[in-house]
Amino acid sequence: MRGYVRFLLAGLILGIAIPLLMGAAKDENPAEVIYHGPFERDAYYMFSSSGQSGGVFVIGIPSGRLFMDLPVFEPRQAYGYAGIGTPEREMLEKTGGLWGDTHHPRLSHTGWKPDGKWLYINDKASTRVAKIDLRTFRTVLIKKAPNTQVWHGIALVPDRNGTTKYVCANGEFEAPIPPRPGLPGGYSEKLIPPIGAKVPDDWKSPVTCLDAETLDPVFQVISGYGNFDIMDNSPSGRWLLSNMYNTEKGANIDEMIKAPEDVTQFLDVWKAEEELKAGRFTLVNGVKVLDARQSPGLIYLLPTPRNPHGIHCQRLDTRVHGEKSLGKDTVCISGGKLVPRVYIYDVSGDRPKLVSTPWVGLGPLHVQYDGRGNFYVSLFVDSQIGAYNIEKAIKFPNDPDKYTVDKIDIHYNVGHLSTVMNYSTPKGDWLISQNKMTKGLPGFLPTGPLEPEVQELIDIRKITADGKGKMRLIYQFPTPPEPHESDFVEAEKLAPLVWTKYKKPYNEAIKFVGPGESRVVRSGPKNVDVYLTAVRSRYGLDEVRVKQGDTVTLYLSNIERLRDVTHGFALQEYGVHFAIDPGDTQKFTFVADKPGVYWFFCTWFCSALHMEMRAKLIVDPA
Ligand code: CUK
Ligand code: CUA
Ligand code: CA
């Protein structure tokens, strides 16, 4: 009898549960959403900074597959990037060093949309910005600027048509700059005052705006304040927002967290351009420096949560709001590390206004938008992401029940969160939580005291424009250290623009060596130029002969016509390695100071006869 009841009960439960489960499976099965079977392409490219790895991770979304660990500020021998004796190496060494700390990647825009041309990223450590060519996924330019230390936040400011014009960067750490006339060379003629517990008044951290094409500084702006952290621009390109956590001008942490509120700076870029035209600037180390204290209306300072971090402006999804919403300024939101609130600014008018300070949770860092009217906040301390309705948060700032849409646990301690295409035309489909701690996450294989970083994919498609619905955590994937932020472009937009082989002339400075043009040319008493081709599976010469002490410049061209047939070149004893993609030419220089016979060989498995792809460098004793 008992068995019969149990059977009945089980049947009843299953009878309810099975249809429920099936209903859920119909549109909610995460595997169906993120699983990409053989030959299935992702919808988006995600470009994520790789932090201390010094480059950019290229990841497919929603699958989370890592497609490339793109080197920028660090040599990467697998890609033959910035090897010994290469021009890239020289560019890195000139601008600060062989490692970097990348934070904020941004894609260039035309008409407010990613145009698939350039990717920019900052190196916080050496105050540099790099430009990556998205036809080849290669870093092509790296520059730094004077008068500033440690570029943290960056933003791409568009012109009036929504085309990327400036790459602007925040100087985070204060450094002495008196932009006073009569002091050529800037601060060098002035004694550096002692710091004590306060940063001296003439130590600034300017906002620097670079020409997006050349990365040369166009102008810098200083004010009575310094220390800027995260940056964003309003969609129109008029406002450039910088968060400042050290309004106190403290020289240590105790000083830096004293004030109950800090400041967000709103820089009027259009006004800055007028000031430049009118000649109201001072040249400091060759850079036009605008001083906001002498140009009223150039900056506005508004209160921000104590020790703020992320400042992010809303872009609207054109599918929801129409084409006219492109470039329209609405709101920007600032999070603060020490207050459980965010501050909402209205930037739609001629003067930015603080309109609401809603409560969100502990440790709010970064803010993103879905383009439908909701914002999402990473809550570092709570290990949660909160979703909130903007309109309601402005109307009922003291009633979290009214404006809070949903909260979801993440694992653990989220830094940035990225909604897909948030910096152009938000799609409102996925949110990627870029977490800082893994903490022995069940399901992740332990890798020693240091664990991989966890990225979590959250489905936000069910969150509606009127602030209802639930987020859903559907996938976790690891990456090497340490992503900060991401930018996105549709795969269907970028994929067709990516080259399958190098086109000539790509680098005019390095001449392509065509089939049959391999040769050794003595160009001076102590100089030898070697022109060499690589094709499956041999180099253009079986033997290269030089004299001990010669400076050898090698031009190596990959003359393959087929995509993805990359060849390598590794030279024994000389520490030289590089890789050349189809159609590309690379150049490197070394001094042949060790006499002997050295095999050089291909490192990319290019054909069945790849092992045989080797030749000799003979260095005759002097
Ligand atoms: S910062 Cu990394 S978590 Cu450099 Cu954008 Cu906030
Ligand atoms: Cu060329 Cu292996
Ligand atoms: Ca502070």
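What you see is a predicted model, and the numbers here were worked out from it, not measured in a lab. (Residues numbered from 1 in each chain as written. Chains lettered and ligands numbered in written order. Predicted model: local features only at pLDDT ≥ 70, side-chain atom pairs only at ≥ 80, totals over all residues. Heavy atoms only, no water.)

Colleague: Please give an account of the pattern of salt bridges that cites residues and values.
Modeller: Tallying each qualifying case throughout the model produces 32 salt bridges. With a closest N to O distance of 3.2 Å, Lys402 and Asp399 form a salt bridge. On the accessibility criterion, Lys402 (42% relative accessible area) is partly exposed. Residue class for Asp399 comes out partly exposed when judged on its relative accessible area of 26%. Taken together, the shared-partner salt bridges connect Arg238, Asp268 and Asp350 into one network. (Salt bridge = Lys/Arg side-chain N within 4 Å of Asp/Glu carboxyl O. Buried < 20%, exposed > 50% of the residue type's maximum accessible area, 1.4 Å probe, protein only.)

Colleague: Go over the domain arrangement of the protein chain with me, naming the residues and quoting the values.
Modeller: For the protein chain, the assigned domains read domain 1 (44-191 + 198-497) and domain 2 (519-620). A straight line from the C-alpha centre of domain 1 to that of domain 2 covers 42 Å. In this assembly, 11 residues from domain 1 lie in contact with 10 residues from domain 2. With both chains or domains summed, domain 1 and domain 2 bury close to 800 Å², and 45% of this area falls on carbon and sulfur atoms. Joining domain 1 to domain 2, the criterion identifies 1 salt bridge. With its nearest N and O atoms 3.1 Å apart, the salt bridge here joins Asp581 to Arg138. When the residues that make up the side of domain 1 that touches domain 2 are grouped by side-chain class, the tally is 4 nonpolar, 5 polar and 2 charged. (Domains from an automatic or database assignment. Contact = heavy atoms within 4.5 Å. Buried area = accessible area lost by both parts, 1.4 Å probe. Nonpolar A, V, L, I, M, F, W, Y, C, P; charged D, E, K, R; others polar.)

Colleague: Break down the pairing of strand E24 (residues 364-369) for me, citing the residues and quoting the values.
Modeller: Looking along a regular strand, one sees side chains alternate from face to face of the sheet. Burial runs high along E24: 6 of the 6 residues are buried. In terms of strand pairing, E24 meets strand E25 (residues 374-379) through 4 bridges, oriented antiparallel. Bridged to Val367 within E25 is Val377. Taking the residues that link successive antiparallel strands as the turn, the E24-E25 hairpin has 4 residues, and the phi of Gly371 there is positive, at about 80 degrees. (Helix = DSSP H or I, 4+ residues; strand = E, 2+ residues; numbered from the N terminus. Pairing = 2+ DSSP bridges.)

Colleague: Explain the coordination of the calcium ion (ligand 3) to me, and be specific about the residues and the numbers.
Modeller: At this site the calcium ion (ligand 3) is bound by Tyr245 (O), Glu248 (OE), Glu248 (OE), Met256 (O), Asp262 (OD), Asp262 (OD) and Asn307 (OD1), with donor distances of 2.3 to 2.8 Å. Each donor residue of the calcium ion (ligand 3) belongs to the same chain, with the gaps between them written as Y-x2-E-x7-M-x5-D-x44-N. Exposure remark for Asp262: the relative accessible area of 2% places this residue in the buried category. (Donors = N, O, S within 2.8 Å, 3.2 Å for Na, K, Ca; no water.)

Colleague: Give a description of the state of the cysteines that names residues and reports values.
Modeller: All chains considered together, the criterion is met by 2 disulfides. The disulfide bridge from Cys168 ends at Cys209, spanning 2.2 Å between sulfur atoms. Handedness here is read from the sign of the S-S torsion; for Cys168 and Cys209, about 110 degrees, the answer is right-handed. Of the two residues, Cys168 sits in strand E9 (residues 164-173) while Cys209 sits in strand E12 (residues 207-211), which places them 41 residues apart along the sequence. The exposure classification of Cys168 matches that of Cys209, with both residues buried. Linked covalently through their sulfurs, Cys313 and Cys332 form a disulfide whose S-S length is 2.2 Å. Here the disulfide of Cys313 and Cys332 is right-handed, its torsion about the S-S bond being about 95 degrees. Taken as a pair, Cys313 in strand E20 (residues 308-313) and Cys332 in strand E21 (residues 331-336) lie far apart in primary sequence, 19 residues in all. The exposure class assigned to Cys332 is buried, which follows from its relative accessible area of 0%. Numbered by order of appearance in the sequence, the disulfide-linked cysteines of the protein chain pair as 1-2, 3-4. (Disulfide = S-S within 2.5 Å.)

Colleague: Could you give me a rundown of the sheet that holds strand E22 (residues 342-346), with the residues and numbers involved?
Modeller: The pairing of strands in a sheet comes from backbone hydrogen bonds and takes either a parallel or an antiparallel form. In space, the 4 strands of this open sheet follow the order E20-E21-E22-E23, with antiparallel pairing throughout. A strand with exactly one partner marks an edge of an open sheet, and here the two such strands are E20 and strand E23 (353-356). Pairwise comparison of adjacent strand axes, ignoring direction, gives a mean angle of 30 degrees for this sheet. Taken together, the 4 bridges between E20 and E21 define a ladder with antiparallel strand orientation. In the sheet register, His312 faces E21, and the bridge partner there is Ile333. (Axes fitted to C-alpha atoms, helices over the stretch in contact; angles between N-to-C directions.)

Colleague: Just give me the short version of the pairing of strand E4 (residues 106-110), but keep the residues and values in it.
Modeller: Counting buried residues in E4 gives 4 out of 5 residues, a clear majority hidden from the surface. Where E4 and strand E5 (residues 113-123) come together, 4 bridges link them in antiparallel fashion. In the strand pairing of E5, Arg106 is matched with Tyr120. Between E4 and the antiparallel strand that follows it, E5, lie 2 residues; Gly111 among them carries a positive phi value of about 60 degrees.

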